[in-house]
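# An overview of the molecular structure
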Amino acid sequence: MTLKLFNSGSTIKEAFRPLRKNVASLYVCGVTPYDTTHLGHAFTYTVFDTLGRYLMHKGFGVVYTQNVTDIDDDILRRSKKEGRDWRELGDFWTRRFLDDMKSINVMRPTHYVKATASMPRIIRMVGRLLEKGFAYRSGNNVYFDVKKFPRYGSLSHFNTRQMEMLLRERGGNPLDANKRNPLDFILWQGWTEGEPYWNTPWGRGRPGWHIECSAMANEYLGDRIDIHGGGRDLIFPHHESEIAQSESYTGKRPFSRFFMHTAMVMYMGEKMSKSLGNLVLVSHLIKTHTPNAIRWLLLSHHYRQVWEYDEQGFDEAEHFSEMIGRLHVGRNTVDGSADESYMSEFEQAMDDDLNTPQALRMFGALLDNGKDDATARRIARILGFIV
Ligand SMILES: [Zn+2]
(Lines give C-alpha, C1' and ligand atoms only; values in the text may rest on other atoms or scores of the structure.)
Protein backbone atom coordinates (compact mmCIF):
# COMPACT_ATOMS: atom_id res chain seq x y z
CA MET A 1 0.00 0.00 0.00
CA THR A 2 1.15 3.52 -0.76
CA LEU A 3 1.11 6.20 1.86
CA LYS A 4 -1.07 9.10 0.82
CA LEU A 5 -0.75 12.49 2.46
CA PHE A 6 -2.87 15.59 2.14
CA ASN A 7 -0.82 18.33 0.56
CA SER A 8 -1.86 21.84 1.66
CA GLY A 9 -0.63 23.27 -1.65
CA SER A 10 -2.64 21.02 -3.96
CA THR A 11 -5.43 20.45 -1.37
CA ILE A 12 -5.63 16.79 -2.31
CA LYS A 13 -4.20 13.56 -0.95
CA GLU A 14 -1.15 12.55 -2.96
CA ALA A 15 0.99 9.43 -2.98
CA PHE A 16 4.19 9.93 -1.01
CA ARG A 17 7.35 9.26 -3.00
CA PRO A 18 10.56 10.78 -1.67
CA LEU A 19 13.03 12.68 -3.85
CA ARG A 20 15.84 10.37 -2.81
CA LYS A 21 15.13 6.68 -2.99
CA ASN A 22 14.03 5.35 0.40
CA VAL A 23 14.99 8.44 2.39
CA ALA A 24 12.36 10.93 3.49
CA SER A 25 13.37 14.44 4.50
CA LEU A 26 11.14 16.25 6.94
CA TYR A 27 11.35 19.81 8.22
CA VAL A 28 9.01 20.97 10.97
CA CYS A 29 8.92 24.50 12.34
CA GLY A 30 9.91 24.43 15.97
CA VAL A 31 9.13 26.60 18.95
CA THR A 32 10.17 30.12 19.83
CA PRO A 33 11.52 29.41 23.30
CA TYR A 34 10.25 32.19 25.52
CA ASP A 35 7.38 30.47 27.29
CA THR A 36 5.92 27.12 28.22
CA THR A 37 4.77 24.20 26.02
CA HIS A 38 1.03 23.66 25.75
CA LEU A 39 -1.14 20.90 24.31
CA GLY A 40 -1.31 22.64 20.92
CA HIS A 41 2.47 22.27 20.56
CA ALA A 42 2.30 18.71 21.86
CA PHE A 43 -0.32 17.88 19.22
CA THR A 44 1.80 19.17 16.35
CA TYR A 45 5.05 17.51 17.45
CA THR A 46 3.34 14.23 18.37
CA VAL A 47 1.74 14.13 14.91
CA PHE A 48 5.08 14.63 13.12
CA ASP A 49 6.82 12.23 15.49
CA THR A 50 4.19 9.65 14.57
CA LEU A 51 4.63 10.42 10.87
CA GLY A 52 8.40 9.90 11.24
CA ARG A 53 7.90 6.59 13.03
CA TYR A 54 5.38 5.45 10.47
CA LEU A 55 7.67 6.35 7.57
CA MET A 56 10.37 4.24 9.22
CA HIS A 57 7.91 1.38 9.56
CA LYS A 58 7.24 1.72 5.81
CA GLY A 59 10.94 1.20 5.20
CA PHE A 60 12.11 4.78 4.68
CA GLY A 61 15.10 6.32 6.33
CA VAL A 62 13.97 9.58 7.91
CA VAL A 63 16.03 12.74 8.20
CA TYR A 64 14.03 15.09 10.40
CA THR A 65 15.08 18.67 11.06
CA GLN A 66 13.36 20.90 13.56
CA ASN A 67 14.46 24.41 14.42
CA VAL A 68 14.49 26.58 17.50
CA THR A 69 13.69 30.21 16.71
CA ASP A 70 16.12 31.44 19.32
CA ILE A 71 16.35 34.99 18.01
CA ASP A 72 13.20 36.97 17.24
CA ASP A 73 10.95 39.81 18.42
CA ASP A 74 9.10 37.73 21.04
CA ILE A 75 12.30 36.55 22.72
CA LEU A 76 13.85 40.01 22.79
CA ARG A 77 10.64 41.53 24.13
CA ARG A 78 10.45 38.93 26.90
CA SER A 79 14.12 39.21 27.70
CA LYS A 80 13.79 42.96 28.12
CA LYS A 81 10.68 42.59 30.27
CA GLU A 82 12.32 40.06 32.59
CA GLY A 83 15.74 41.69 32.54
CA ARG A 84 17.15 38.33 31.53
CA ASP A 85 19.74 37.61 28.84
CA TRP A 86 18.01 36.48 25.62
CA ARG A 87 20.34 33.48 25.23
CA GLU A 88 19.77 32.30 28.75
CA LEU A 89 15.99 32.76 28.36
CA GLY A 90 16.03 30.78 25.10
CA ASP A 91 18.15 27.97 26.53
CA PHE A 92 15.91 27.70 29.56
CA TRP A 93 12.67 27.34 27.58
CA THR A 94 14.30 25.09 24.97
CA ARG A 95 15.31 22.69 27.74
CA ARG A 96 11.80 22.79 29.17
CA PHE A 97 10.32 22.11 25.74
CA LEU A 98 12.64 19.13 25.17
CA ASP A 99 11.80 17.75 28.62
CA ASP A 100 8.09 18.07 27.90
CA MET A 101 8.48 16.31 24.57
CA LYS A 102 10.56 13.55 26.10
CA SER A 103 7.93 13.05 28.79
CA ILE A 104 5.39 12.10 26.11
CA ASN A 105 7.88 9.99 24.17
CA VAL A 106 8.42 12.35 21.24
CA MET A 107 11.77 11.46 19.67
CA ARG A 108 14.52 14.02 19.20
CA PRO A 109 14.67 15.02 15.53
CA THR A 110 17.83 14.05 13.60
CA HIS A 111 18.89 17.70 13.58
CA TYR A 112 17.62 20.00 16.29
CA VAL A 113 18.99 23.39 15.31
CA LYS A 114 19.11 26.88 16.73
CA ALA A 115 18.64 29.71 14.23
CA THR A 116 21.68 31.48 15.65
CA ALA A 117 23.80 28.43 14.75
CA SER A 118 22.81 28.77 11.08
CA MET A 119 23.79 32.41 10.78
CA PRO A 120 26.37 31.93 7.97
CA ARG A 121 23.76 30.20 5.78
CA ILE A 122 21.16 32.85 6.62
CA ILE A 123 23.56 35.65 5.64
CA ARG A 124 24.58 33.82 2.47
CA MET A 125 20.95 33.44 1.42
CA VAL A 126 20.06 37.07 2.06
CA GLY A 127 23.18 38.13 0.12
CA ARG A 128 22.31 35.92 -2.83
CA LEU A 129 18.68 37.13 -2.87
CA LEU A 130 19.98 40.72 -3.01
CA GLU A 131 22.38 39.84 -5.83
CA LYS A 132 19.70 38.10 -7.83
CA GLY A 133 17.35 41.05 -7.44
CA PHE A 134 14.73 39.26 -5.37
CA ALA A 135 15.47 41.49 -2.40
CA TYR A 136 16.14 45.17 -1.80
CA ARG A 137 17.60 47.37 0.89
CA SER A 138 15.44 50.05 2.40
CA GLY A 139 15.92 51.97 5.61
CA ASN A 140 18.29 49.75 7.57
CA ASN A 141 16.45 46.62 6.50
CA VAL A 142 16.50 44.12 3.68
CA TYR A 143 13.12 43.06 2.27
CA PHE A 144 11.98 40.32 -0.05
CA ASP A 145 10.31 41.81 -3.11
CA VAL A 146 7.10 39.82 -3.43
CA LYS A 147 6.41 41.28 -6.91
CA LYS A 148 9.41 39.24 -8.14
CA PHE A 149 7.72 36.03 -7.09
CA PRO A 150 4.37 35.69 -8.86
CA ARG A 151 3.57 32.40 -7.11
CA TYR A 152 3.32 34.17 -3.73
CA GLY A 153 -0.03 33.02 -2.33
CA SER A 154 -0.05 29.63 -4.06
CA LEU A 155 0.21 27.64 -0.83
CA SER A 156 -2.38 29.54 1.19
CA HIS A 157 -4.63 30.21 -1.83
CA PHE A 158 -5.28 33.69 -0.47
CA ASN A 159 -5.58 36.66 -2.80
CA THR A 160 -3.60 39.86 -2.26
CA ARG A 161 -6.36 41.57 -0.29
CA GLN A 162 -6.77 38.59 2.07
CA MET A 163 -3.02 38.36 2.58
CA GLU A 164 -2.78 42.05 3.42
CA MET A 165 -5.62 41.73 5.90
CA LEU A 166 -4.02 38.71 7.59
CA LEU A 167 -0.64 40.40 7.69
CA ARG A 168 -2.15 43.25 9.67
CA GLU A 169 -3.64 40.77 12.17
CA ARG A 170 -0.43 38.76 12.45
CA GLY A 171 1.95 41.61 13.10
CA GLY A 172 3.48 41.67 9.59
CA ASN A 173 3.33 45.44 9.47
CA PRO A 174 1.96 46.03 5.93
CA LEU A 175 2.15 49.79 6.48
CA ASP A 176 5.95 49.82 6.99
CA ALA A 177 7.00 52.85 4.90
CA ASN A 178 10.27 51.18 3.90
CA LYS A 179 8.40 48.53 1.89
CA ARG A 180 7.73 48.80 -1.82
CA ASN A 181 4.72 46.55 -1.47
CA PRO A 182 2.64 45.86 1.67
CA LEU A 183 3.27 42.10 1.32
CA ASP A 184 7.07 42.41 1.20
CA PHE A 185 8.63 40.85 4.25
CA ILE A 186 11.81 41.38 6.22
CA LEU A 187 14.83 39.24 5.41
CA TRP A 188 17.20 41.23 7.55
CA GLN A 189 16.37 43.71 10.25
CA GLY A 190 18.78 46.59 10.79
CA TRP A 191 20.29 46.95 14.22
CA THR A 192 18.51 48.81 17.01
CA GLU A 193 20.46 49.99 20.05
CA GLY A 194 20.48 47.37 22.77
CA GLU A 195 19.67 44.42 20.52
CA PRO A 196 22.03 41.57 19.58
CA TYR A 197 23.48 41.81 16.09
CA TRP A 198 25.48 40.00 13.44
CA ASN A 199 27.72 41.76 10.92
CA THR A 200 26.94 41.55 7.22
CA PRO A 201 28.00 43.42 4.05
CA TRP A 202 24.72 45.37 4.25
CA GLY A 203 25.12 46.32 7.88
CA ARG A 204 24.71 44.87 11.32
CA GLY A 205 21.40 43.44 12.45
CA ARG A 206 19.48 40.21 12.80
CA PRO A 207 17.50 37.91 10.50
CA GLY A 208 13.77 37.90 9.89
CA TRP A 209 11.87 34.87 11.13
CA HIS A 210 11.04 33.37 7.71
CA ILE A 211 14.60 33.31 6.37
CA GLU A 212 15.75 31.40 9.45
CA CYS A 213 13.67 28.36 8.49
CA SER A 214 14.59 28.53 4.79
CA ALA A 215 18.27 28.58 5.76
CA MET A 216 18.09 25.71 8.24
CA ALA A 217 16.07 23.55 5.84
CA ASN A 218 18.65 24.29 3.14
CA GLU A 219 21.64 23.66 5.35
CA TYR A 220 20.45 20.41 6.87
CA LEU A 221 18.20 18.91 4.17
CA GLY A 222 19.25 20.45 0.87
CA ASP A 223 17.68 22.57 -1.86
CA ARG A 224 14.51 20.53 -1.99
CA ILE A 225 12.75 18.59 0.72
CA ASP A 226 9.98 16.00 0.86
CA ILE A 227 7.73 17.21 3.65
CA HIS A 228 7.48 20.54 5.42
CA GLY A 229 5.25 20.62 8.45
CA GLY A 230 3.90 22.94 11.08
CA GLY A 231 0.75 24.29 12.65
CA ARG A 232 -1.99 25.60 10.34
CA ASP A 233 -1.41 29.16 11.49
CA LEU A 234 2.05 29.02 9.88
CA ILE A 235 0.75 28.69 6.30
CA PHE A 236 0.63 32.45 5.91
CA PRO A 237 2.83 34.39 6.02
CA HIS A 238 5.54 32.03 7.29
CA HIS A 239 5.45 29.09 4.87
CA GLU A 240 4.35 31.19 1.94
CA SER A 241 7.43 33.35 2.52
CA GLU A 242 9.73 30.36 3.02
CA ILE A 243 8.72 29.05 -0.42
CA ALA A 244 9.38 32.43 -2.04
CA GLN A 245 12.84 32.78 -0.46
CA SER A 246 13.97 29.19 -0.95
CA GLU A 247 12.83 28.82 -4.56
CA SER A 248 14.28 32.21 -5.50
CA TYR A 249 17.58 31.35 -3.83
CA THR A 250 18.01 27.86 -5.32
CA GLY A 251 16.18 28.37 -8.61
CA LYS A 252 14.63 24.94 -7.97
CA ARG A 253 11.03 24.06 -7.30
CA PRO A 254 9.15 22.94 -5.43
CA PHE A 255 11.04 23.80 -2.27
CA SER A 256 8.97 21.19 -0.50
CA ARG A 257 7.08 18.41 -2.25
CA PHE A 258 4.47 18.29 0.54
CA PHE A 259 3.25 20.84 3.04
CA MET A 260 1.40 19.31 5.97
CA HIS A 261 -0.39 21.38 8.58
CA THR A 262 -1.87 20.45 11.92
CA ALA A 263 -5.17 21.87 13.10
CA MET A 264 -5.52 24.16 16.08
CA VAL A 265 -6.42 22.79 19.50
CA MET A 266 -9.25 24.65 21.21
CA TYR A 267 -9.95 25.07 24.87
CA MET A 268 -12.90 26.84 26.47
CA GLY A 269 -14.22 27.71 23.02
CA GLU A 270 -11.07 29.47 21.78
CA LYS A 271 -7.82 28.51 20.11
CA MET A 272 -5.36 27.50 22.81
CA SER A 273 -2.83 30.32 22.85
CA LYS A 274 -0.44 32.23 25.04
CA SER A 275 -2.15 35.52 24.33
CA LEU A 276 -5.56 34.24 25.46
CA GLY A 277 -4.13 32.40 28.46
CA ASN A 278 -6.35 29.32 27.96
CA LEU A 279 -3.48 26.87 28.12
CA VAL A 280 -3.34 23.24 29.06
CA LEU A 281 0.30 22.51 29.85
CA VAL A 282 2.05 19.24 29.12
CA SER A 283 4.04 19.64 32.33
CA HIS A 284 0.75 19.72 34.30
CA LEU A 285 -0.95 16.87 32.46
CA ILE A 286 2.01 14.58 32.97
CA LYS A 287 1.53 14.83 36.75
CA THR A 288 -1.89 13.19 36.61
CA HIS A 289 -1.81 11.16 33.38
CA THR A 290 0.49 8.56 31.89
CA PRO A 291 2.54 9.46 28.79
CA ASN A 292 0.65 6.79 26.84
CA ALA A 293 -2.71 8.26 27.84
CA ILE A 294 -1.64 11.74 26.70
CA ARG A 295 -0.40 10.31 23.41
CA TRP A 296 -3.61 8.33 22.98
CA LEU A 297 -5.70 11.43 23.58
CA LEU A 298 -3.70 13.41 21.01
CA LEU A 299 -3.72 10.70 18.34
CA SER A 300 -7.45 10.09 18.77
CA HIS A 301 -7.88 13.33 16.77
CA HIS A 302 -7.02 13.51 13.11
CA TYR A 303 -4.23 16.01 12.56
CA ARG A 304 -6.26 18.16 10.15
CA GLN A 305 -9.37 18.30 12.35
CA VAL A 306 -9.81 21.16 14.81
CA TRP A 307 -10.68 19.73 18.22
CA GLU A 308 -11.52 20.96 21.68
CA TYR A 309 -9.61 19.68 24.70
CA ASP A 310 -11.83 18.06 27.29
CA GLU A 311 -10.55 16.32 30.43
CA GLN A 312 -13.16 13.58 29.88
CA GLY A 313 -11.28 12.49 26.79
CA PHE A 314 -8.85 10.91 29.23
CA ASP A 315 -11.38 8.27 30.38
CA GLU A 316 -10.87 6.24 27.23
CA ALA A 317 -7.21 7.19 26.90
CA GLU A 318 -6.38 5.96 30.43
CA HIS A 319 -8.22 2.69 29.80
CA PHE A 320 -6.11 1.93 26.74
CA SER A 321 -2.96 3.20 28.38
CA GLU A 322 -3.50 0.54 31.03
CA MET A 323 -4.06 -2.11 28.35
CA ILE A 324 -0.83 -1.09 26.62
CA GLY A 325 0.92 -1.27 29.98
CA ARG A 326 -0.03 -4.95 30.23
CA LEU A 327 1.46 -5.79 26.85
CA HIS A 328 4.97 -6.23 28.15
CA VAL A 329 3.81 -9.24 30.15
CA GLY A 330 3.27 -11.03 26.85
CA ARG A 331 0.18 -13.06 27.54
CA ASN A 332 -0.65 -14.76 24.28
CA THR A 333 1.58 -14.70 21.29
CA VAL A 334 5.28 -14.16 20.99
CA ASP A 335 6.83 -11.41 18.90
CA GLY A 336 7.21 -12.46 15.32
CA SER A 337 3.97 -14.33 14.99
CA ALA A 338 1.92 -11.22 14.36
CA ASP A 339 -1.37 -11.58 12.54
CA GLU A 340 -0.97 -9.86 9.20
CA SER A 341 -4.68 -9.08 8.79
CA TYR A 342 -4.54 -6.72 11.81
CA MET A 343 -1.39 -5.14 10.45
CA SER A 344 -2.90 -4.52 7.05
CA GLU A 345 -6.00 -2.97 8.61
CA PHE A 346 -3.76 -0.72 10.67
CA GLU A 347 -1.67 0.27 7.66
CA GLN A 348 -4.74 0.96 5.59
CA ALA A 349 -5.84 3.54 8.16
CA MET A 350 -2.37 5.12 8.45
CA ASP A 351 -1.78 5.14 4.69
CA ASP A 352 -4.92 7.22 4.33
CA ASP A 353 -3.38 10.55 5.30
CA LEU A 354 -2.35 9.30 8.74
CA ASN A 355 -5.84 8.47 9.94
CA THR A 356 -4.81 7.89 13.55
CA PRO A 357 -8.37 7.96 14.97
CA GLN A 358 -9.26 5.02 12.70
CA ALA A 359 -5.96 3.28 13.53
CA LEU A 360 -6.67 3.69 17.27
CA ARG A 361 -10.20 2.30 16.93
CA MET A 362 -8.74 -0.81 15.34
CA PHE A 363 -5.86 -0.93 17.83
CA GLY A 364 -8.27 -0.44 20.75
CA ALA A 365 -10.38 -3.41 19.61
CA LEU A 366 -7.21 -5.50 19.30
CA LEU A 367 -6.18 -4.54 22.84
CA ASP A 368 -9.63 -5.25 24.23
CA ASN A 369 -9.90 -8.72 22.72
CA GLY A 370 -6.42 -9.55 24.00
CA LYS A 371 -5.79 -12.36 21.53
CA ASP A 372 -2.74 -11.07 19.69
CA ASP A 373 -0.29 -9.24 21.91
CA ALA A 374 2.52 -9.55 19.38
CA THR A 375 0.68 -7.44 16.81
CA ALA A 376 -0.51 -5.07 19.54
CA ARG A 377 3.07 -4.54 20.68
CA ARG A 378 4.20 -3.87 17.13
CA ILE A 379 1.46 -1.33 16.50
CA ALA A 380 2.04 0.31 19.88
CA ARG A 381 5.69 0.90 19.01
CA ILE A 382 4.93 2.26 15.54
CA LEU A 383 2.52 4.76 17.10
CA GLY A 384 5.13 5.78 19.66
CA PHE A 385 3.52 4.32 22.77
CA ILE A 386 5.88 3.17 25.49
CA VAL A 387 5.73 -0.62 25.69
ZN1 LIG B 1 9.50 27.87 10.28
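Residues numbered from 1 in each chain as written. Predicted model: local features only at pLDDT ≥ 70, side-chain atom pairs only at ≥ 80, totals over all residues. Heavy atoms only, no water.

## Description of the environment of Gly-203
Stated formally: Under the DSSP-based scheme used, a helix requires at least four consecutive residues in state H or I and a strand at least two consecutive residues in state E, with every element numbered from the N terminus. Throughout, a residue-residue contact means that at least one pair of heavy atoms, one from each residue, lies within 4.5 Å.
Positionally, Gly-203 belongs in the loop between strand 8 (185-190) and strand 9 (205-207). Here the alpha-carbon distance between Gly-203 and Leu-234, two residues 31 residues apart in the chain, equals 29 Å. Once residues lying within four places of it in the same chain are set aside, the contact partners of Gly-203 are Trp-188 and Trp-198.

## Structural notes on the pattern of salt bridges
Keep this limit in mind: One side-chain nitrogen of Lys or Arg within 4 Å of one carboxyl oxygen of Asp or Glu is enough to make a salt bridge. Each residue gets one of three labels from its accessible area relative to the maximum for its type: buried under 20%, exposed over 50%, partly exposed in between, using a 1.4 Å probe on protein chains only.
Summed over the entire model, instances satisfying the criterion amount to 22 salt bridges. With a closest N to O distance of 3.4 Å, Arg-84 and Glu-82 form a salt bridge. When its relative accessible area of 38% is taken as the criterion, Glu-82 is described as partly exposed. Where Asp-223 meets Lys-252, a salt bridge forms, and the shortest distance between an N and an O atom there is 2.6 Å. Of this pair, Asp-223 sits in the loop between helix 6 (209-221) and strand 10 (225-231) while Lys-252 sits in the loop between helix 7 (235-250) and strand 11 (256-262); the two residues are 29 residues apart in sequence, bridging distant segments of the chain. Under the relative-accessibility criterion, Asp-223 is labelled partly exposed at 27%.

## A closer look at the nonpolar core
What counts here: Note on terminology: a nonpolar core comprises buried Ala, Val, Leu, Ile, Met, Phe, Trp, Tyr and Cys residues joined through side-chain atoms within 4.5 Å. Note that domain bounds follow an automatic or database assignment of domains.
Counting residues in hydrophobic clusters, the biggest one holds 67 residues, and the most contacted among them are Tyr-309, Phe-346 and Phe-363. Split by domain, this core shows at least three residues from each of two domains, domain 1 (4-265) and domain 2 (289-382). Excluding anything up to four places from it in sequence, Tyr-309 contacts Leu-39, Val-265, Met-266, Tyr-267, Met-272, Val-280, Leu-285, Leu-297 and Phe-314. Of all hydrophobic cores here, the second largest spans 50 residues; its members include Tyr-27, Ala-115, Ile-123 and Ile-211.

## Examining the packing of helix 9 (residues 291-299) against helix 10 (residues 313-326)
The condition that has to hold: Here an axis means a line fitted to C-alpha atoms, over the contact stretch when the element is a helix, while the angle between two N-to-C directions is reported on a 0 to 180 degree scale. When an angle is under 35 degrees it counts as roughly parallel; over 145 it counts as roughly antiparallel; between 65 and 115 it counts as roughly perpendicular; any other value is oblique. Left-handed describes a crossing whose near helix is turned anticlockwise from the far helix by less than a right angle; the clockwise case is right-handed.
Running from N to C, helix 9 and helix 10 cross one another at 125 degrees; their axes reach a closest spacing of 8 Å. Comparing the axis directions of helix 9 and helix 10 gives the class oblique. In this structure, helix 9 meets helix 10 at a crossing whose hand is right-handed. Residue-level contacts link Asn-292, Ala-293, Ile-294, Trp-296 and Leu-297 of helix 9 to Gly-313, Phe-314, Glu-316, Ala-317, Glu-318, Phe-320, Ser-321 and Ile-324 of helix 10.

## Quick word on the coordination of the zinc ion
Ideal values for angles at a metal depend on the geometry: 109.5 degrees with four tetrahedral donors, 90 or 180 degrees with six octahedral donors. Inclusion rule: Atoms are scored as donors when they are N, O or S and lie within 2.8 Å of the metal, with 3.2 Å used for Na, K and Ca; no water is included, so coordination may look incomplete.
Within the protein, the atoms that donate to the zinc ion are Cys-29 (SG), Cys-213 (SG) and His-238 (NE2), at distances of 2.0 to 2.2 Å. In primary sequence terms, the donor set of the zinc ion follows C-x183-C-x24-H. Taken as a pair, Cys-213 in helix 6 and His-238 in helix 7 lie far apart in primary sequence, 25 residues in all. Here Cys-213 and His-238 have matching classes, each one buried.

## Considerations on helix 7
Stated precisely, the cut-off is as follows: The span one expects for a helix is its residue count, reduced by one, times 1.5 Å.
Look at helix 7: 21 Å from first C-alpha to last across 16 residues, which is about the 22 Å you get at 1.5 Å a residue. Counted residue by residue, helix 7 has 16 buried out of 16 residues, so it is predominantly covered. Following helix 7 by one or two positions, Gly-251 has its phi on the positive side, about 75 degrees.

## So, the domain arrangement of the protein chain
The cut-off we apply is this: Buried area adds together the accessible area that both of two parts lose upon being put together, with accessible area traced by a 1.4 Å probe.
Here the domain parsing of the protein chain yields domain 1 (4-265) and domain 2 (289-382). One C-alpha centre belongs to domain 1, the other to domain 2; they are set 32 Å apart. On the domain 2 side, the residues contacting the 26 residues of domain 1 number 24 residues. When domain 1 packs against domain 2, close to 2,300 Å² is buried across both sides, 64% of that on carbon and sulfur atoms.

## A closer look at the sheet that holds strand 4 (residues 61-68)
To be explicit about the condition: Any two strands between which DSSP finds at least two bridges are classified as paired.
The five strands are arranged 5-4-3-10-11 in an open sheet whose pairing can be described as parallel. Both edges of this open sheet fall to strand 5 (111-114) and strand 11, since each of them pairs with a single strand only. Neighbour-to-neighbour, the strand axes of this sheet turn through a mean angle of 20 degrees, independent of strand direction. Across six bridges, the pairing between strand 10 and strand 11 is parallel. Following the sheet pairing, Gly-230 is matched in strand 11 by His-261.

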